[in-house]
Every structure is written in structure tokens, then in C-alpha cells.
There are 2 protein chains.
Amino acid sequence: MATIGQIAAELGISKSTVSRALRGLPGVSQDLIDEVKAVAERMGYVPSAAAAGLTTGRNYAVGVVVPALTRWFYSEVVSGVDRALAAAGYDVVLYDMDRNHDVGTRAFARSLLRKRVDALIVVATVFTEHELAEFDALEMPVIAVGPSAPQFRTIGVDDHAIMAAAMEHMLGLGHRQLGYVGGYDEESLSLASAADREHTFMKTALAAGALVQPEWMLAGGYKQGAAMRATRELFSRDSWPTGLVCASDEMAMGAICAIHAAGKRVPEDVSVIGIDGHEYGADYELTTMAQNPQAQGEWAARQVVAEIEGATPVQEFEPAPFTLIQRGSTAAPGR
Amino acid sequence: MATIGQIAAELGISKSTVSRALRGLPGVSQDLIDEVKAVAERMGYVPSAAAAGLTTGRNYAVGVVVPALTRWFYSEVVSGVDRALAAAGYDVVLYDMDRNHDVGTRAFARSLLRKRVDALIVVATVFTEHELAEFDALEMPVIAVGPSAPQFRTIGVDDHAIMAAAMEHMLGLGHRQLGYVGGYDEESLSLASAADREHTFMKTALAAGALVQPEWMLAGGYKQGAAMRATRELFSRDSWPTGLVCASDEMAMGAICAIHAAGKRVPEDVSVIGIDGHEYGADYELTTMAQNPQAQGEWAARQVVAEIEGATPVQEFEPAPFTLIQRGSTAAPGR
DNA sequence: GTGAAAGCGCTAACAG
DNA sequence: CTGTTAGCGCTTTCAC
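Everything numeric in this text was worked out from a predicted model, so none of it was measured.

About the thresholds
- Residues numbered from 1 in each chain as written.
- Chains lettered and ligands numbered in written order.
- Predicted model: local features only at pLDDT ≥ 70, side-chain atom pairs only at ≥ 80, totals over all residues.
- Heavy atoms only, no water.
- Helix = DSSP H or I, 4+ residues; strand = E, 2+ residues; numbered from the N terminus.
- Buried < 20%, exposed > 50% of the residue type's maximum accessible area, 1.4 Å probe, protein only.
- Contact = heavy atoms within 4.5 Å.
- Buried area = accessible area lost by both parts, 1.4 Å probe.
- Salt bridge = Lys/Arg side-chain N within 4 Å of Asp/Glu carboxyl O.
- Polar contact = N/O pair within 3.5 Å; in protein donor to acceptor, adjacent residues only side chain to side chain.
- Pairing = 2+ DSSP bridges.
- Axes fitted to C-alpha atoms, helices over the stretch in contact; angles between N-to-C directions.
- Near = heavy atom within 4 Å.
- Nonpolar A, V, L, I, M, F, W, Y, C, P; charged D, E, K, R; others polar.
- Least-squares fit on C-alpha atoms with pLDDT ≥ 70 in both.

Side note on the environment of A:Glu139
Residues and elements named next belong to chain A.
- Mapped onto the secondary structure, Glu139 falls in the loop between helix H7 (129-138) and strand E4 (142-145).
- Judged by its relative accessible area of 73%, Glu139 falls in the exposed class.
- The sequence separation of Glu139 and Gly310 amounts to 171 residues, and the corresponding C-alpha distance is 14 Å.

As C-alpha cells, then:
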């Protein structure tokens, strides 16, 4: 493995010059730059991030903490983060908290703290007091993506607003008998988002004088399968709503499946609206309040890079945008 | 940020002793060890991976290359890799090749080559000749997970065998009119697995004298939404198979949804079998040939760690196991 | 323009 | 058991 010193020796010049030439710093003649680069290429030279980081304190890496990589939303965010970071020349160090949250707390903190990363992006993860204190001690930029975390600056949609918008659509169509598919995903560790959505659903429904039976509040666990089962059960009873508001698109797709299984039609018998903007929504003709987790990830990544490189930290972010995508799963009731 | 030197100064001892004490190396009195650890804790000492790596050449990090993090299979594998690596004290450096494959080739190689990682785990990614050559030059353990890559040692199921087993189940039930939901996922970059499964489906079907109409070969793109649409179309025609063999569970769940939408029953009118062992399969009563991508990821991670730490490389891995999970979506035809 | 020297934080021989 | 002495590969003053 070629080093800067070997290149220097090969050309009979000093290491400093090689370093400067390779990094395009001023003060090296163009001829030498070309020569150095050629030799570096020929020798298969590759800079050592560790060595460079030792002196500069910069690692060109940012940590991404995620509660469960296998969940759609999180993998989308991470994907966006990765793309933006790669474009900026930074690596992604992944910390999947899936199940090893309590077990691995110590290990997580230790490894995190190894000066591996220049900043941290936290995706919808809840931490202990102790961990939060450690983050503070880190003294590096930290930005959260997803459900807002009071301790961090957060990039994400306003969960109240997005649900209110979904409700506006359903109420506007004339639905007054509404069911809700929500619940909590135990593994995702973040309950705030789910609670906010459910709360606003209820509040808005009641304010509009809509009928919401207790049995119409379904626990879908933010998972397609669970939502499908819960919905199937709902339609095995003798009364059901004209509209189903789902706290996520994954659950909405499960619900649609269950409605079909029950021999009902969407939207003729039941309207279904989702939230999130899942990739498969189009195939299911699903009306949804779409947000863009990838874009949020990219945004967070760019912001974090800017701060690493000296930009003054933004104190508070605008809520991420969302838009109604109207498709075939919603219509006026009783058609 | 406390360093080893500061701790040494604080206690009036040498850096080496501190280093040894902290790492639990032999040759330090228990008393001193305790003292050192106490001071380190108090000063909030955290080791610098970069500095340690510089001398030892070990980074305690492994790179994970993945074609599209947002796909179920890959995120499962990465999740498993992460867990095993975290347990072994290693960090995960993620390289999501999603879309930036051609654009980012150079950046990918460069960053990979920065001696950041001690080994590489490649998940179902296809590389150019040039990239492969660079991997060789890296001289570090490389293991592939998922569809077998001829250039790498691979951990994964035998795609022929798993499809053959699925077919055995369907044929054993008496199905002789079979449809196939498969296709290719353009974004995943790995076509071998899809091709193998389709090939074995065809071969096995023909060998059993089963009827397979060309229109029954559906392109589901390995995506739930696309599979749903393709299946919906199939059932809008005037002839359809008694059994549907799906190359993945995600597609199978989409197919089930479409079958319900068409007013048919599973398994009474159509049997459906999937492959993979998706988490939601149970909710859908889906019969499947289950594999365990998380376990495969863990296995690869453990193997790679062993090799980093000096174990002699295993030359070839056993194919990963799979088992039939028989649930309610399959039954004898014509019930 | 270019070079020499010092040092980033840690580990790894050697001595004692 | 503990300390000394060299570096690891790179960047960064400061001279020339």
C-alpha cells in the first residue's frame, strides 16, 4: 500500500509537496502536480483517512443512528442521507439500534464516541438521559430526522398538520363515519409521531361531528400485516365506517387488501387514505398525504456537512413539506 | 477530549501503562488498572479509533455494500450484519449503491479504499471488471451475501433448490396449472437470483407435465405493487391457473391482494406460495419457502470478523438453509 | 515553490 | 510490573 512518503521518495521530493499537490493546495507548480498525480496513480496510492484525521480532527464520516433499519421510513431516510453524504465525500457509519438498544447502550456510546464521525444524524430514535448527556459531551453537530425529538434540532413533517390535512380531505368528501388504523410500532422506539397522528385524528373527527366508534380505532402497529388483520376483523362485524384513515401507507395497503378480502370495494364501499407517500401507493391507487423521507435525509445530511465545514448551525428547521396525492382510493361516501 | 497522555500525566505514570491498563493487557497490577480506569472514566476518556488504527492497521470497521437499502431483503441482511458486528465491537460503514452506481464508481472505490474498513460484505451487488480488480488489490476479506456472485465467496440460499422445493409443494398438492410471478428488479442490480428462480420454475413445471401459459408468467419486478397489478390483470382474463408461484413473499402478498380484489378466494380458487420468509407472511396466511436473510448477514459478519482476527478463510460456504412454512394460502386445487 | 521538522493519539517492541 | 523509544501516515507551521 503506497504512502505519501513513498511517492515523495520516488520523485525525490518532500512529503509536504506531495501532500499539497495531491490536495490541490496552492504553491505547487503545475508540472509537479501532474507528475505527482501520475506517480500516485501508478503506485495505486490511496490516502489514509485515519492518518489524515489524526492531524486534522476531521474524519469525513457521519454517524447515522436508526431504530430499525428494516422499516420502510427509516431505510428511505438512510438511503437519502447516504446519497447526499456520498456526494459530499463523506462516509456513513451506521448504528442500527434494533433490539440491542438496552443491551448495547454502552457499546453504542463507546463506539460512537471513538471520534469516528464528525457529526450525527439520528433517525426517530429515543434515548436515555444518560445517552443524551453523552451526545452533548460529543460536541458535534447532531440533527434528528423524522418525528421531532425535543432534545435535537429536527427535520421532519409536522405530524399534527399532516393528519389534519388528511382529515380535511376525508371530511371534505363528506365522510362522517370514520375508522382509524394506527397503533404503535414497539420496535421503532419512537411513539411521539404515532401519538400525534392519532390525537389529531380524534380531535379533528370530533370537531367535525364525525362518528368514531371505539371499535373503529384499529391497532395496526404501523405494519402492513397487522393492519390487514385488524381491518379484516373490523369488516367481519356488522357495522363499519365509510372511510378509513390510516396513519401510514403501509397500513393503508394492508387495509385495502383486507377490504377486498371482505368482498367490499374501494372506494365505493369504503374510502381509504394513507400517510407517507410509499412507493407502492400508486399501484394500489392509494390516496395519500405524501411526505418525502429520502429528501429529508438528504436535507439533514447536507445541513450536517455544512456545519462540519464551518457553517453556523441553523437553530430550527422548517417542517418538511407534504402534499395530497389524490388517487382512486377515496371518493364521496355512499356512492 | 481527554487523551491517553493526559491520563498518564494525571497519574504520573507512562502512556504505555495506561494503554495496557485500558485494554486489559497482562502485566499491570490490578490496583493500577482500577486507578487508571477510574481516572479515564472521570476525564471522559474515549479512545481514538484513528490513532489506534494507524499503528495496528486495524480499524474495527467493516464496509457493507448494498444495491438498494430500501428493499426488504437487503435491509434485513444489513440489519443482521450490523447486529453481529456490533456484538463483536466493529462498526458498519455503509455504501448504498442505489442509483449512484455508475456516477459514483470512482467515489465509491476511493472512499472504500481509504483504509477505513478491515473487510467488506457485499450484498447482492454486481460490479464492473474495474471495480472487481480494485477489490482484489484491497487485500482484505470480502464475502458476499445473497445471490451468489462468482467472484466472491458467497453466503446465501441456492436459488434453484429453494424454487424446486416450492414447486415440490405445489405439485405435491396436485397443481398442474401454474402461474409465476417474478420478473426483475432493475434497481437491485442482481439478476442472477431472479433468473435462477424463474429457470427452475419452468424446468420443474415442464418436467411435471404442468400447464404454463405464456400469459401466466407475470412480471412483478420483485415489488409488491407491481406484482399486485400484474396479478390483477391476469384475473381479469378468462383463464387463470389454480396455483401461483411467487418468486418472493412481497410479490406473493401483492398477488393475494389482487386475487381478493378480483373476487376470488385463497386458497379455494387459487393457491399462492411465496419465497423468502417475510415478516408479514404470517398475517397473510402465506405459505412460503422461508430463508433467513438476517441470519445470513450475521453469519457473514461473524465469518469476516474471524478472518480479520486471523482465522484461515473458509473457501466455500454451505448454502443457507430454508424451510417450508405451510400456512393457509395453499391447498389442493379445485376445492 | 519547496523542504524540514514537529506532532496528532496511540501501540509495540525493548529495556529495566 | 512499568517506563522509554520509536514510529503509523499525514498535515502543518515555519524556514529557505
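Still to come is the rest of the account.
Considerations on the interface of chain A and chain B
- Taken residue by residue, the interface counts 57 residues in chain A and 57 residues in chain B.
- For the pair chain A and chain B, the summed buried surface comes to about 5,200 Å²; carbon and sulfur atoms form 52% of the total.
- On the chain A side of the contact with chain B, A:Arg114, A:Arg116 and A:Tyr280 bury the most area, a combined 12% of that side's loss.
- Viewed at the interface, chain B and chain A are joined by six salt bridges.
- Where B:Arg71 meets A:Glu279, a salt bridge forms, and the shortest distance between an N and an O atom there is 3.7 Å.
- At the boundary of chain A and chain B, one finds 19 residue pairs in polar contact (both at pLDDT 80 or more).

Brief notes about the sheet that holds strand E9 (residues 271-276) of chain A
Residue and element names in this part refer to chain A.
- Strand order in the open sheet formed by six strands is E7-E6-E8-E9-E10-E11, and the pairing between neighbours is mixed. Of all strands in the sheet, those bounded by a partner on one side alone are strand E7 (217-219) and strand E11 (323-325). Averaged over neighbouring strand pairs, the angle between their axes works out to 20° when direction is ignored.
- Of the strand pairs in this sheet, strand E8 (residues 243-246) and E9 are connected by three bridges, and their pairing is parallel. Bridge pairing in E9 links Leu244 to Val272.
- Contacting strand E6 (178-182), E8, E9 and strand E10 (287-290), helix H11 (residues 249-261) crosses the sheet at an angle of about 160° to E9.

Describing the protein's contact with DNA strand C
- Surrounding DNA strand C, one finds 28 residues, the nearest of these being A:Thr17, B:Ile4, B:Lys15, B:Ser19 and B:Tyr45.
- Taking A:Ser29, its main chain carries an N or O atom lying 2.9 Å from a phosphate oxygen of DNA strand C.
- Separating a phosphate oxygen of DNA strand C from a side-chain N or O atom of B:Tyr45 is a distance of 2.6 Å.
- Within the residue set of the surface near DNA strand C, elements represented by two or more residues are helix H2 (15-23) and helix H4 (49-56) of chain A together with helix H2 (15-23) and helix H4 (49-56) of chain B.
- Here the residues of the surface near DNA strand C sort into eleven nonpolar, 13 polar and four charged.

Quick look at the relation of the copies chain A and chain B
- Here chain A sits on chain B after a turn of 180° about the axis and a move of 0.1 Å along it, with an RMSD of 0.2 Å. Taken together, the rotation and translation relating the two chain copies correspond to the operation of a two-fold axis.
- Here 100% of the interface residues in chain A have copies in chain B that are interface residues too; the copies meet face to matching face.

Just geometry here; none of it tells us what the structure is for.
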